[in-house]
Amino acid sequence: MLRCAIVDDDAMCRLALKRLIQLHSEIHLSAVCKSGQDLLDILESNAVDLVFLDMNMPDFRGEEVLDKIPPYLPVVITTGEDEMEMSNLPETVIYLIHKPVSVAEFQCALDRVPEKWEG
């Protein structure tokens, strides 16, 4: 079972990701966070195998969150910024999705999850 967390300050984006996750029985939604700080707090006491992380949030930008989470934790970036590219992101980022998140892009992100987490 893949345990994941959603981190996004936008309620509609959180809901869209929750619905996509619910289509996959092999994924357990462990946490839904409105901020980067919420994620950091949750990671102190909960195991998470994958993070869907918005890059533009009011308390911490996604880059700051990436600097503070464990380097082995795979991250899928969700962003509304068209100019963002994978080549500018740390190795822990396994996929970049431009919002709105489509079913096809979500599946591409899941296909990149390291083998040890696959159902």
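Look a little higher up for the structure.
What counts and how
- Residues numbered from 1 in each chain as written.
- Predicted model: local features only at pLDDT ≥ 70, side-chain atom pairs only at ≥ 80, totals over all residues.
- Heavy atoms only, no water.
- Pairing = 2+ DSSP bridges.
- Helix = DSSP H or I, 4+ residues; strand = E, 2+ residues; numbered from the N terminus.
- Axes fitted to C-alpha atoms, helices over the stretch in contact; angles between N-to-C directions.
- Polar contact = N/O pair within 3.5 Å; in protein donor to acceptor, adjacent residues only side chain to side chain.
- Contact = heavy atoms within 4.5 Å.
- Patch = residues over 30% accessible without salt bridge, like charges linked within 9 Å, V, L, I, M, F, W, Y side chains within 5 Å.
- Areas by Shrake-Rupley, 256 points an atom, 1.4 Å probe, with all protein chains shown as cover.
- Salt bridge = Lys/Arg side-chain N within 4 Å of Asp/Glu carboxyl O.
- Lys, Arg positive; Asp, Glu negative; His and termini not counted.
- Charge placed at Lys NZ, Arg CZ, Asp CG, Glu CD.
- Buried < 20%, exposed > 50% of the residue type's maximum accessible area, 1.4 Å probe, protein only.

A. Up close: the sheet that holds strand S3 (residues 50–54). Here 5 strands make up an open sheet; going across it, the order is S2-S1-S3-S4-S5 and the pairing parallel. Only two strands of the sheet have a single partner each, and these edge strands are strand S2 (27–33) and strand S5 (93–98). Across the sheet, the mean angle from the axis of one strand to that of its neighbour is 20°, orientation sign disregarded. Sheet topology note: the S3/strand S4 (residues 75–79) ladder contains 4 bridges and is parallel. Following the sheet pairing, Val51 is matched in S4 by Val75.

B. Main features of the side chain of Asp8. Note on placement: Asp8 falls in the loop between strand S1 (2–7) and helix H1 (11–22). Here Lys99 takes part through its side chain, which lies 2.7 Å from a polar atom of the side chain of Asp8. Among residues more than four places away in sequence, those in contact with Asp8 are Cys13, Arg14, Cys33, Lys34, Asp54, Met57, Thr78 and Lys99.

C. Representation of a negative patch on the surface. Judged by side-chain charge, Asp9, Asp10, Asp38, Asp41, Glu44, Asp59, Glu64 and Asp67 come together as a negatively charged surface patch. Put simply, the parts of the chain that give the negative patch at least two residues each are helix H2 (36–43) and helix H3 (62–68). Inspection of the secondary structure puts Asp38 in helix H2. For Asp38, a relative accessible area of 32% gives the class partly exposed.

D. Region of interest: the side chain of Arg14. Mapped onto the elements of the fold, Arg14 is located in helix H1. With no salt bridge to any partner, buried Arg14 finds its closest opposite charge in Asp8, at an N-O distance of 5.6 Å. A polar side-chain atom of Arg14 sits 3.3 Å from the main-chain carbonyl oxygen of Asp9. Aside from chain neighbours lying at most four places away, what touches Arg14 is Ile6, Asp8, Asp9, Val32, Cys33 and Lys34.

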